[in-house]
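Fold and contact review
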Amino acid sequence: MTAQQIVQDWWQLSGADAASLPVVHFTGDAEQLPSRYQVGALASASIAAQALAAQQIFAARGGVQQTVSVNQRHALAVFRSERYLRLNGGMPPEPWSPVSGYYQAGDQRWLQLHTNFPHHLQGVLQHLGCADSRDAVAAAIREHSAASLTEALSERGLCASLIRTPAEWQSHPQAAAIAAQSLFHLQRSGDAPPRPWTAAARPLQGVRVLDLSRVIAAPVAARTLAQHGADVLAVGAAHLPNIPALVMDTGRGKRNTQLDLRDAAQLAQFHQLLSQADVLIQAYRPGALAAFGLSEQALAERYPGLIQLSLSAYGQQGPWATRRGYDSLVQSATGIACTEGSGDSLQMPGKLPCQALDHATGYLAAFAIMRALQRRAEEGGNWQIQVSLAQTGAYLTRLGVSEQITGRELSEAESADWLQQEASGFGTLTALRPAEQMSACMPYFSLPAVPAATHPPVWW
(Lines give C-alpha, C1' and ligand atoms only; values in the text may rest on other atoms or scores of the structure.)
Protein backbone atom coordinates (compact mmCIF):
# COMPACT_ATOMS: atom_id res chain seq x y z
CA MET A 1 0.00 0.00 0.00
CA THR A 2 1.10 3.55 -0.65
CA ALA A 3 1.04 6.25 2.00
CA GLN A 4 -2.06 7.72 0.37
CA GLN A 5 -3.84 4.35 0.49
CA ILE A 6 -2.95 3.91 4.16
CA VAL A 7 -4.44 7.32 4.96
CA GLN A 8 -7.64 6.38 3.11
CA ASP A 9 -7.78 3.07 4.99
CA TRP A 10 -7.45 4.75 8.39
CA TRP A 11 -10.03 7.37 7.46
CA GLN A 12 -12.61 4.72 6.62
CA LEU A 13 -11.74 2.60 9.69
CA SER A 14 -12.55 5.65 11.83
CA GLY A 15 -16.10 5.75 10.46
CA ALA A 16 -15.57 8.74 8.18
CA ASP A 17 -17.00 9.09 4.71
CA ALA A 18 -14.21 8.67 2.14
CA ALA A 19 -15.51 11.78 0.36
CA SER A 20 -14.76 13.89 3.47
CA LEU A 21 -11.03 13.10 3.38
CA PRO A 22 -9.04 16.34 3.00
CA VAL A 23 -6.27 16.47 0.41
CA VAL A 24 -2.69 15.75 1.45
CA HIS A 25 0.48 16.10 -0.59
CA PHE A 26 3.50 13.89 0.02
CA THR A 27 6.68 15.74 -0.84
CA GLY A 28 10.42 15.12 -0.96
CA ASP A 29 12.37 11.93 -1.52
CA ALA A 30 10.27 8.80 -0.98
CA GLU A 31 13.23 6.51 -0.23
CA GLN A 32 12.82 5.00 3.21
CA LEU A 33 15.24 3.98 5.93
CA PRO A 34 16.99 0.61 5.43
CA SER A 35 14.44 -2.11 6.19
CA ARG A 36 12.53 -5.01 4.71
CA TYR A 37 9.32 -3.44 6.02
CA GLN A 38 7.46 -0.44 4.62
CA VAL A 39 8.38 1.91 7.44
CA GLY A 40 8.52 4.88 5.06
CA ALA A 41 4.95 4.58 3.88
CA LEU A 42 3.76 4.00 7.46
CA ALA A 43 5.63 7.05 8.77
CA SER A 44 4.35 9.42 6.10
CA ALA A 45 0.80 8.09 6.28
CA SER A 46 0.42 8.12 10.05
CA ILE A 47 1.67 11.70 10.32
CA ALA A 48 -0.52 12.75 7.38
CA ALA A 49 -3.63 11.05 8.80
CA GLN A 50 -3.51 12.93 12.09
CA ALA A 51 -2.76 16.20 10.28
CA LEU A 52 -5.84 15.70 8.11
CA ALA A 53 -7.96 14.98 11.19
CA ALA A 54 -6.66 18.25 12.67
CA GLN A 55 -7.53 20.07 9.43
CA GLN A 56 -11.06 18.66 9.51
CA ILE A 57 -11.52 20.03 13.04
CA PHE A 58 -9.93 23.34 12.05
CA ALA A 59 -12.42 23.70 9.22
CA ALA A 60 -15.31 22.82 11.56
CA ARG A 61 -14.15 25.64 13.84
CA GLY A 62 -14.31 28.19 11.04
CA GLY A 63 -10.78 27.80 9.74
CA VAL A 64 -9.98 28.20 6.08
CA GLN A 65 -9.21 25.36 3.74
CA GLN A 66 -5.48 24.86 3.44
CA THR A 67 -2.78 22.76 1.90
CA VAL A 68 -1.55 19.91 4.07
CA SER A 69 1.75 18.30 3.09
CA VAL A 70 4.24 15.86 4.60
CA ASN A 71 7.89 15.64 3.61
CA GLN A 72 8.53 11.91 3.52
CA ARG A 73 12.14 12.03 4.72
CA HIS A 74 11.22 14.45 7.51
CA ALA A 75 8.53 11.95 8.57
CA LEU A 76 11.19 9.26 8.89
CA ALA A 77 13.25 11.51 11.13
CA VAL A 78 10.24 12.25 13.34
CA PHE A 79 9.68 8.49 13.62
CA ARG A 80 12.89 8.37 15.63
CA SER A 81 12.75 11.84 17.12
CA GLU A 82 14.46 10.69 20.32
CA ARG A 83 17.69 10.13 18.36
CA TYR A 84 17.95 13.78 17.33
CA LEU A 85 17.51 15.24 20.78
CA ARG A 86 20.43 17.28 22.12
CA LEU A 87 20.71 18.95 25.51
CA ASN A 88 22.90 22.08 25.75
CA GLY A 89 24.62 21.01 22.56
CA GLY A 90 25.52 17.52 23.80
CA MET A 91 23.91 14.14 24.15
CA PRO A 92 21.05 13.79 26.66
CA PRO A 93 21.23 11.12 29.39
CA GLU A 94 21.49 7.65 27.87
CA PRO A 95 17.93 6.21 27.78
CA TRP A 96 18.84 2.55 27.37
CA SER A 97 20.22 0.16 29.96
CA PRO A 98 23.48 -1.62 28.95
CA VAL A 99 21.83 -4.91 29.90
CA SER A 100 18.93 -4.43 27.48
CA GLY A 101 19.29 -6.26 24.18
CA TYR A 102 19.63 -9.65 22.52
CA TYR A 103 21.15 -12.75 24.12
CA GLN A 104 21.72 -16.30 22.91
CA ALA A 105 20.59 -18.95 25.38
CA GLY A 106 21.97 -22.42 26.00
CA ASP A 107 19.77 -23.96 23.29
CA GLN A 108 21.17 -21.43 20.76
CA ARG A 109 17.83 -19.64 20.51
CA TRP A 110 17.80 -15.87 20.96
CA LEU A 111 15.84 -13.80 23.42
CA GLN A 112 15.61 -10.11 24.23
CA LEU A 113 15.68 -8.36 27.59
CA HIS A 114 14.23 -4.90 28.23
CA THR A 115 15.70 -3.48 31.43
CA ASN A 116 15.48 0.29 31.02
CA PHE A 117 13.52 0.77 34.25
CA PRO A 118 15.54 0.03 37.42
CA HIS A 119 12.98 -2.38 38.90
CA HIS A 120 12.93 -4.42 35.69
CA LEU A 121 16.74 -4.62 35.71
CA GLN A 122 16.87 -5.65 39.36
CA GLY A 123 14.19 -8.27 38.80
CA VAL A 124 16.17 -9.85 35.95
CA LEU A 125 19.42 -9.82 37.91
CA GLN A 126 17.70 -11.37 40.92
CA HIS A 127 16.09 -14.11 38.82
CA LEU A 128 19.38 -14.93 37.08
CA GLY A 129 21.42 -14.60 40.27
CA CYS A 130 24.16 -12.63 38.55
CA ALA A 131 26.01 -9.33 38.66
CA ASP A 132 24.89 -6.15 36.92
CA SER A 133 26.98 -6.45 33.76
CA ARG A 134 26.21 -7.55 30.23
CA ASP A 135 28.85 -10.31 30.37
CA ALA A 136 27.46 -11.70 33.62
CA VAL A 137 23.91 -11.66 32.28
CA ALA A 138 25.00 -13.35 29.04
CA ALA A 139 26.78 -16.12 30.97
CA ALA A 140 23.74 -16.70 33.19
CA ILE A 141 21.38 -16.84 30.22
CA ARG A 142 23.50 -19.55 28.59
CA GLU A 143 22.45 -21.80 31.48
CA HIS A 144 18.82 -21.71 30.30
CA SER A 145 16.73 -22.39 27.25
CA ALA A 146 15.42 -19.22 25.61
CA ALA A 147 11.71 -20.13 25.73
CA SER A 148 11.67 -21.32 29.35
CA LEU A 149 13.64 -18.30 30.59
CA THR A 150 11.42 -15.88 28.69
CA GLU A 151 8.28 -17.37 30.20
CA ALA A 152 9.77 -17.44 33.71
CA LEU A 153 10.71 -13.77 33.49
CA SER A 154 7.35 -12.81 32.03
CA GLU A 155 5.50 -14.63 34.81
CA ARG A 156 7.38 -12.40 37.26
CA GLY A 157 6.15 -9.30 35.45
CA LEU A 158 9.53 -8.65 33.84
CA CYS A 159 10.17 -7.67 30.25
CA ALA A 160 11.59 -10.33 27.96
CA SER A 161 10.73 -11.91 24.64
CA LEU A 162 11.71 -14.99 22.70
CA ILE A 163 12.87 -14.22 19.16
CA ARG A 164 10.24 -15.96 17.06
CA THR A 165 10.08 -16.55 13.35
CA PRO A 166 7.00 -15.12 11.59
CA ALA A 167 5.66 -18.68 11.25
CA GLU A 168 6.09 -19.36 14.95
CA TRP A 169 4.25 -16.17 15.78
CA GLN A 170 1.38 -16.95 13.42
CA SER A 171 0.82 -20.24 15.25
CA HIS A 172 0.64 -18.45 18.62
CA PRO A 173 -2.82 -17.87 20.19
CA GLN A 174 -2.07 -14.17 20.67
CA ALA A 175 -1.47 -13.75 16.95
CA ALA A 176 -4.93 -15.19 16.34
CA ALA A 177 -6.44 -12.79 18.87
CA ILE A 178 -4.79 -9.83 17.16
CA ALA A 179 -5.86 -11.02 13.70
CA ALA A 180 -9.48 -10.99 14.89
CA GLN A 181 -9.23 -7.28 15.76
CA SER A 182 -9.16 -4.16 13.64
CA LEU A 183 -6.07 -1.94 13.56
CA PHE A 184 -7.75 0.20 16.21
CA HIS A 185 -10.97 0.17 18.16
CA LEU A 186 -13.09 3.34 18.10
CA GLN A 187 -16.52 2.96 19.65
CA ARG A 188 -19.15 5.05 21.33
CA SER A 189 -19.24 3.99 24.98
CA GLY A 190 -21.97 6.15 26.50
CA ASP A 191 -24.55 8.84 25.91
CA ALA A 192 -23.81 12.54 26.20
CA PRO A 193 -25.00 15.61 24.31
CA PRO A 194 -22.90 16.86 21.38
CA ARG A 195 -20.22 19.43 22.10
CA PRO A 196 -20.19 21.56 18.95
CA TRP A 197 -16.97 23.31 18.05
CA THR A 198 -16.52 27.03 18.63
CA ALA A 199 -14.31 29.29 16.54
CA ALA A 200 -10.59 29.02 17.34
CA ALA A 201 -7.22 29.91 15.86
CA ARG A 202 -5.81 26.38 16.33
CA PRO A 203 -7.49 23.01 15.70
CA LEU A 204 -7.45 21.75 19.31
CA GLN A 205 -7.47 25.04 21.20
CA GLY A 206 -9.39 24.56 24.46
CA VAL A 207 -9.27 20.74 24.34
CA ARG A 208 -8.04 19.40 27.69
CA VAL A 209 -5.98 16.19 27.65
CA LEU A 210 -4.74 14.13 30.60
CA ASP A 211 -1.62 12.17 29.62
CA LEU A 212 -1.22 9.28 32.04
CA SER A 213 1.61 7.56 30.14
CA ARG A 214 5.37 7.06 29.86
CA VAL A 215 8.12 6.11 27.38
CA ILE A 216 7.22 6.71 23.68
CA ALA A 217 3.97 5.61 22.04
CA ALA A 218 1.23 7.18 24.18
CA PRO A 219 3.36 10.24 25.06
CA VAL A 220 3.82 10.81 21.30
CA ALA A 221 0.03 10.77 20.93
CA ALA A 222 -0.33 13.45 23.61
CA ARG A 223 2.57 15.47 22.15
CA THR A 224 0.83 15.38 18.78
CA LEU A 225 -2.38 16.79 20.27
CA ALA A 226 -0.29 19.51 21.96
CA GLN A 227 1.28 20.58 18.68
CA HIS A 228 -2.24 21.33 17.40
CA GLY A 229 -3.07 23.50 20.42
CA ALA A 230 -4.49 21.10 23.03
CA ASP A 231 -3.90 21.83 26.73
CA VAL A 232 -2.01 18.66 27.71
CA LEU A 233 -1.24 17.84 31.33
CA ALA A 234 1.13 14.91 31.82
CA VAL A 235 0.42 13.14 35.11
CA GLY A 236 3.09 10.95 36.68
CA ALA A 237 3.94 9.87 40.22
CA ALA A 238 7.14 10.06 42.26
CA HIS A 239 7.29 6.26 42.69
CA LEU A 240 6.95 5.54 38.95
CA PRO A 241 10.26 5.68 37.04
CA ASN A 242 10.62 7.51 33.77
CA ILE A 243 13.37 8.03 31.21
CA PRO A 244 14.58 11.65 31.25
CA ALA A 245 15.64 11.81 27.60
CA LEU A 246 12.21 10.61 26.48
CA VAL A 247 10.47 13.10 28.79
CA MET A 248 12.50 15.84 27.09
CA ASP A 249 11.49 14.63 23.64
CA THR A 250 7.84 13.73 24.18
CA GLY A 251 7.17 16.39 26.84
CA ARG A 252 7.25 19.35 24.47
CA GLY A 253 3.97 21.25 24.52
CA LYS A 254 2.88 19.72 27.83
CA ARG A 255 2.67 20.74 31.44
CA ASN A 256 3.84 18.12 33.93
CA THR A 257 2.45 17.25 37.35
CA GLN A 258 2.45 14.33 39.78
CA LEU A 259 -0.33 12.54 41.62
CA ASP A 260 -0.13 9.27 43.54
CA LEU A 261 -3.42 7.51 42.80
CA ARG A 262 -2.86 5.20 45.79
CA ASP A 263 -3.54 8.19 48.04
CA ALA A 264 -7.24 9.00 48.49
CA ALA A 265 -6.77 12.76 48.53
CA GLN A 266 -4.61 12.72 45.39
CA LEU A 267 -7.01 10.35 43.67
CA ALA A 268 -9.75 12.90 44.41
CA GLN A 269 -7.58 15.57 42.77
CA PHE A 270 -7.28 13.34 39.72
CA HIS A 271 -11.06 13.01 39.57
CA GLN A 272 -11.31 16.79 39.71
CA LEU A 273 -9.05 16.97 36.66
CA LEU A 274 -11.13 14.31 34.92
CA SER A 275 -14.33 16.25 35.54
CA GLN A 276 -13.02 19.01 33.28
CA ALA A 277 -11.09 16.88 30.80
CA ASP A 278 -11.99 16.05 27.21
CA VAL A 279 -9.50 13.23 26.72
CA LEU A 280 -7.73 10.68 28.93
CA ILE A 281 -4.69 8.89 27.49
CA GLN A 282 -3.29 5.92 29.41
CA ALA A 283 -0.93 3.08 28.61
CA TYR A 284 -1.27 0.82 31.63
CA ARG A 285 -1.89 -2.86 31.12
CA PRO A 286 -5.58 -3.67 30.50
CA GLY A 287 -7.50 -3.59 33.78
CA ALA A 288 -4.69 -2.01 35.83
CA LEU A 289 -6.54 1.25 36.52
CA ALA A 290 -9.70 -0.56 37.60
CA ALA A 291 -8.06 -1.11 41.01
CA PHE A 292 -8.39 2.65 41.56
CA GLY A 293 -12.01 2.78 40.37
CA LEU A 294 -10.84 4.11 37.01
CA SER A 295 -12.10 1.42 34.67
CA GLU A 296 -13.20 2.56 31.22
CA GLN A 297 -16.83 1.75 32.03
CA ALA A 298 -16.78 3.58 35.38
CA LEU A 299 -15.25 6.69 33.84
CA ALA A 300 -17.68 6.66 30.92
CA GLU A 301 -20.59 6.57 33.38
CA ARG A 302 -19.17 9.25 35.66
CA TYR A 303 -17.90 11.73 33.04
CA PRO A 304 -20.28 12.23 30.09
CA GLY A 305 -18.46 13.14 26.91
CA LEU A 306 -15.05 11.85 28.03
CA ILE A 307 -12.88 10.30 25.31
CA GLN A 308 -10.62 7.51 26.59
CA LEU A 309 -7.56 6.14 24.78
CA SER A 310 -6.02 2.90 26.07
CA LEU A 311 -2.72 1.70 24.63
CA SER A 312 -1.36 -1.78 25.33
CA ALA A 313 1.47 -3.94 24.06
CA TYR A 314 -0.43 -6.95 22.74
CA GLY A 315 -4.08 -5.89 22.55
CA GLN A 316 -7.06 -6.09 24.85
CA GLN A 317 -7.95 -9.73 24.10
CA GLY A 318 -6.05 -13.00 24.08
CA PRO A 319 -3.71 -14.79 26.52
CA TRP A 320 -1.14 -11.99 26.36
CA ALA A 321 -3.56 -9.11 26.93
CA THR A 322 -1.94 -8.23 30.27
CA ARG A 323 1.67 -9.00 29.30
CA ARG A 324 4.15 -6.15 29.62
CA GLY A 325 5.82 -5.11 26.42
CA TYR A 326 7.59 -2.37 24.52
CA ASP A 327 8.20 -1.72 20.83
CA SER A 328 11.37 -3.79 20.54
CA LEU A 329 9.89 -6.68 22.53
CA VAL A 330 6.86 -6.77 20.25
CA GLN A 331 9.20 -6.79 17.24
CA SER A 332 10.97 -9.79 18.79
CA ALA A 333 7.82 -11.71 19.71
CA THR A 334 6.04 -11.25 16.38
CA GLY A 335 8.79 -12.24 13.91
CA ILE A 336 9.80 -8.72 12.87
CA ALA A 337 13.21 -8.90 14.56
CA CYS A 338 13.87 -12.29 13.00
CA THR A 339 12.95 -10.99 9.55
CA GLU A 340 15.05 -7.83 9.91
CA GLY A 341 17.98 -10.01 10.98
CA SER A 342 19.00 -13.21 9.28
CA GLY A 343 15.52 -14.67 9.00
CA ASP A 344 16.67 -17.61 11.13
CA SER A 345 15.75 -17.89 14.82
CA LEU A 346 19.21 -19.34 15.57
CA GLN A 347 21.03 -16.40 14.01
CA MET A 348 21.40 -12.80 15.16
CA PRO A 349 18.10 -10.90 15.11
CA GLY A 350 17.78 -7.36 13.76
CA LYS A 351 15.65 -4.29 14.43
CA LEU A 352 13.51 -1.92 12.50
CA PRO A 353 15.50 1.25 11.72
CA CYS A 354 13.38 3.22 14.17
CA GLN A 355 10.87 2.58 16.94
CA ALA A 356 8.25 2.38 14.20
CA LEU A 357 5.62 0.58 16.25
CA ASP A 358 5.86 3.18 19.01
CA HIS A 359 5.68 6.20 16.77
CA ALA A 360 3.09 4.83 14.37
CA THR A 361 0.85 3.80 17.27
CA GLY A 362 1.30 7.24 18.82
CA TYR A 363 0.22 9.04 15.67
CA LEU A 364 -2.57 6.51 15.13
CA ALA A 365 -3.81 7.20 18.65
CA ALA A 366 -3.74 10.96 18.05
CA PHE A 367 -5.63 10.46 14.79
CA ALA A 368 -8.28 8.31 16.48
CA ILE A 369 -8.67 10.81 19.33
CA MET A 370 -9.23 13.66 16.89
CA ARG A 371 -11.75 11.61 14.95
CA ALA A 372 -13.53 10.86 18.24
CA LEU A 373 -13.54 14.57 19.11
CA GLN A 374 -15.09 15.33 15.73
CA ARG A 375 -17.72 12.63 16.16
CA ARG A 376 -18.47 13.89 19.68
CA ALA A 377 -19.02 17.36 18.23
CA GLU A 378 -21.41 15.97 15.62
CA GLU A 379 -23.08 13.06 17.41
CA GLY A 380 -22.34 13.48 21.12
CA GLY A 381 -21.50 10.52 23.34
CA ASN A 382 -18.53 9.13 25.20
CA TRP A 383 -15.89 7.46 23.06
CA GLN A 384 -13.49 4.62 23.78
CA ILE A 385 -10.35 3.98 21.72
CA GLN A 386 -8.00 1.01 21.99
CA VAL A 387 -4.69 0.61 20.17
CA SER A 388 -1.75 -1.73 20.65
CA LEU A 389 1.82 -2.04 19.47
CA ALA A 390 1.21 -5.59 18.25
CA GLN A 391 -1.79 -4.57 16.14
CA THR A 392 0.32 -1.85 14.54
CA GLY A 393 3.07 -4.42 13.96
CA ALA A 394 0.60 -6.76 12.25
CA TYR A 395 -0.58 -3.87 10.07
CA LEU A 396 3.02 -3.02 9.12
CA THR A 397 3.59 -6.65 8.14
CA ARG A 398 0.46 -6.63 5.96
CA LEU A 399 1.86 -3.67 4.03
CA GLY A 400 4.40 -6.07 2.55
CA VAL A 401 7.85 -7.45 3.32
CA SER A 402 10.68 -7.14 0.79
CA GLU A 403 13.04 -9.98 -0.03
CA GLN A 404 15.97 -7.83 1.05
CA ILE A 405 16.67 -4.65 2.96
CA THR A 406 16.15 -1.51 0.89
CA GLY A 407 16.49 2.22 1.61
CA ARG A 408 19.15 4.61 2.86
CA GLU A 409 19.98 6.41 6.07
CA LEU A 410 19.12 10.04 6.72
CA SER A 411 22.07 12.38 6.36
CA GLU A 412 23.04 15.13 8.79
CA ALA A 413 22.40 17.66 6.03
CA GLU A 414 18.83 16.44 5.68
CA SER A 415 18.00 16.49 9.37
CA ALA A 416 19.67 19.87 9.97
CA ASP A 417 16.84 21.58 8.10
CA TRP A 418 14.24 20.14 10.49
CA LEU A 419 15.89 20.90 13.84
CA GLN A 420 15.09 23.79 16.14
CA GLN A 421 16.50 25.02 19.44
CA GLU A 422 14.36 26.00 22.40
CA ALA A 423 14.85 26.84 26.04
CA SER A 424 13.33 24.20 28.32
CA GLY A 425 13.13 23.19 31.95
CA PHE A 426 16.19 21.00 31.36
CA GLY A 427 18.37 23.48 29.45
CA THR A 428 18.61 24.30 25.75
CA LEU A 429 17.05 21.50 23.73
CA THR A 430 17.66 20.82 20.06
CA ALA A 431 14.77 18.78 18.68
CA LEU A 432 12.81 18.10 15.52
CA ARG A 433 9.95 20.24 14.30
CA PRO A 434 6.68 18.49 13.39
CA ALA A 435 6.81 16.97 9.90
CA GLU A 436 3.44 18.15 8.61
CA GLN A 437 3.08 21.51 6.88
CA MET A 438 -0.31 23.20 7.39
CA SER A 439 -0.35 26.60 5.75
CA ALA A 440 -3.12 28.18 7.87
CA CYS A 441 -2.39 26.61 11.30
CA MET A 442 1.16 25.34 11.46
CA PRO A 443 1.71 22.84 14.27
CA TYR A 444 4.05 24.02 17.00
CA PHE A 445 4.73 23.59 20.72
CA SER A 446 3.62 26.53 22.80
CA LEU A 447 5.30 25.16 25.95
CA PRO A 448 8.79 23.74 26.50
CA ALA A 449 9.51 20.32 27.97
CA VAL A 450 9.83 20.46 31.76
CA PRO A 451 10.87 18.06 34.55
CA ALA A 452 8.35 16.00 36.50
CA ALA A 453 6.14 17.84 39.01
CA THR A 454 6.92 21.28 37.58
CA HIS A 455 3.24 22.26 37.63
CA PRO A 456 0.39 21.88 40.12
CA PRO A 457 -2.39 19.38 39.29
CA VAL A 458 -4.84 21.99 37.98
CA TRP A 459 -6.06 23.11 34.59
CA TRP A 460 -5.12 26.53 33.31
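As a reminder, the structure under discussion sits directly above these lines.
Below is a summary of the structure that appears in this document. This is a predicted model, so every value here is computed, not measured.

1. Some remarks on the overall build of the protein chain
- Summing up its helical and strand segments, the protein chain has 17 helices and 18 strands in all.
- Compactness check: the protein chain gives a C-alpha radius of gyration of 21 Å against a globular reference of 23 Å for 460 residues, within 12% of the reference.
- A principal-axis box enclosing the C-alpha atoms of the protein chain has dimensions of 65 × 55 × 45 Å.
- Going through the 460 residues of the protein chain one by one, you find that 59% of them count as buried.

2. A look at helix H2 (residues 39-60)
- For H2, which comprises 22 residues, the first-to-last C-alpha distance of 32 Å matches the rise-based estimate of 32 Å (1.5 Å per residue) to within 8%.
- Most of H2 sits out of view: 20 of its 22 residues are buried.
- Gly-62 occupies a position one or two residues after H2 and carries a positive phi of about 95°.

3. What about helix H9 (residues 217-227)?
- Within H9, eleven of the eleven residues are buried, which leaves the element mostly enclosed by the surrounding structure.
- Taken together, the buried positions of H9 are Ala-217, Ala-218, Pro-219, Val-220, Ala-221, Ala-222, Arg-223, Thr-224, Leu-225, Ala-226 and Gln-227.
- Two residues or fewer after H9 comes Gly-229, characterised by a positive phi angle close to 105°.

4. Regarding the environment of Arg-255
- For Arg-255, the position within the fold is in strand E11 (residues 254-258).
- Along the backbone, Arg-255 and Ile-385 are 130 residues apart, and their C-alpha atoms lie at a distance of 23 Å.
- Excluding its chain neighbours within four sequence positions, the residues that come into contact with Arg-255 are Asp-231, Val-232, Leu-233, Ala-234, Leu-447, His-455, Pro-456, Val-458, Trp-459 and Trp-460.
- Polar contacts involving the side chain of Arg-255 include one to the main-chain carbonyl oxygen of Val-458, which spans 3.0 Å.

5. Focus on the pattern of salt bridges
- By the definition in use, this model includes 16 salt bridges.
- A salt bridge links Asp-231 to Arg-255, with the shortest nitrogen-to-oxygen separation between them at 3.2 Å. In this pair, Asp-231 sits in strand E10 (residues 231-236) while Arg-255 sits in strand E11, placing the two residues 24 residues apart along the sequence.
- In this structure Asp-231 comes out as buried when scored by relative accessible area, which is 16%.
- Residue class for Arg-255 comes out buried when judged on its relative accessible area of 1%.
- Put simply, Asp-249 and Arg-252 hold a salt bridge, and the shortest N to O gap is 3.6 Å. Of the two residues, Asp-249 and Arg-252, neither departs from the other in class, the shared state being buried.
- Through salt bridges with shared partners, one network takes in Asp-29, Glu-31, Arg-73, Arg-408 and Glu-414.

6. Overview of the sheet that holds strand E16 (residues 419-423)
- If you trace the three strands from one edge of the open sheet to the other, you get E4-E17-E16, paired in antiparallel fashion. Lying at the two open borders of the sheet, with one neighbouring strand each, are strand E4 (86-87) and E16.
- In this sheet, strand E17 (residues 428-432) lies alongside E16 in antiparallel orientation, the contact comprising five bridges. Its bridge partner being in E17, Gln-420 is matched across the sheet by Ala-431.

7. Comments concerning the nonpolar core
- The biggest cluster of nonpolar side chains holds 100 residues, and the ones touching the most others in it are Trp-10, Leu-225, Ile-281, Leu-373 and Ile-385.
- With residues up to four places along the chain from it excluded, the contact list for Leu-225 reads Leu-204, Val-209, Ala-230, Ile-281, Ala-366, Ile-369 and Met-370.
- Grouped together as the second largest cluster of nonpolar side chains are 19 residues, Ala-140, Ala-146, Leu-153 and Ala-160 included.

8. Brief notes about the environment of Val-24
- Inspection of the secondary structure assignment puts Val-24 in strand E1 (residues 24-27).
- We classify Val-24 as buried; its relative accessible area is 7%.
- Separated by 243 residues in the primary sequence, Val-24 and Leu-267 place their C-alpha atoms 43 Å from one another.
- Discounting residues that sit within four places of it in the chain, Val-24 has contacts with Gln-4, Ala-48, Leu-52, Val-68 and Ser-69.

9. Overview of the packing of aromatic side chains
- By the definition in use, this model includes eight aromatic pairs.
- Taking the centre distance of 6.2 Å and the plane angle of 5° together, the rings of Phe-79 and Tyr-363 count as stacked. Residue Phe-79 is found in the loop between helix H3 (72-78) and E4, and its partner Tyr-363 is found in helix H15 (residues 356-379); the two are separated by 284 residues along the sequence. Here Phe-79 matches Tyr-363 in class, with each residue buried.
- Taken together, the ring pairs connect Trp-10, Trp-11, Phe-184, Phe-367 and Tyr-395 into an aromatic cluster.
- Taking NZ or CZ as reference, Arg-323 lies 4.0 Å from the ring centre of Trp-320, over its face.
- Residue placement shows Arg-371 over the ring face of Trp-11; its charged tip is 5.4 Å from the ring centre.

10. Some words on the state of the cysteines
- Scanning the model with the defined rule gives zero disulfides in all.
- Its sulfur unpaired, Cys-130 is 16 Å from the next cysteine sulfur, which belongs to Cys-159.
- Overall, the relative accessible area of 1% leaves Cys-159 in the buried class.

Rules used throughout
Residues numbered from 1 in each chain as written. Predicted model: local features only at pLDDT ≥ 70, side-chain atom pairs only at ≥ 80, totals over all residues. Heavy atoms only, no water. Helix = DSSP H or I, 4+ residues; strand = E, 2+ residues; numbered from the N terminus. Rg over C-alpha atoms; globule rule 2.2 N^0.38 Å. Buried < 20%, exposed > 50% of the residue type's maximum accessible area, 1.4 Å probe, protein only. Expected span 1.5 Å × (residues − 1). Contact = heavy atoms within 4.5 Å. Polar contact = N/O pair within 3.5 Å; in protein donor to acceptor, adjacent residues only side chain to side chain. Salt bridge = Lys/Arg side-chain N within 4 Å of Asp/Glu carboxyl O. Pairing = 2+ DSSP bridges. Core = buried A, V, L, I, M, F, W, Y, C linked by side-chain atoms within 4.5 Å. Phe/Tyr/Trp six-rings, centres within 6.5 Å; stacked < 30°, edge-to-face > 60°. Lys NZ or Arg CZ within 6 Å of the ring centre and 35° of its normal. Disulfide = S-S within 2.5 Å.

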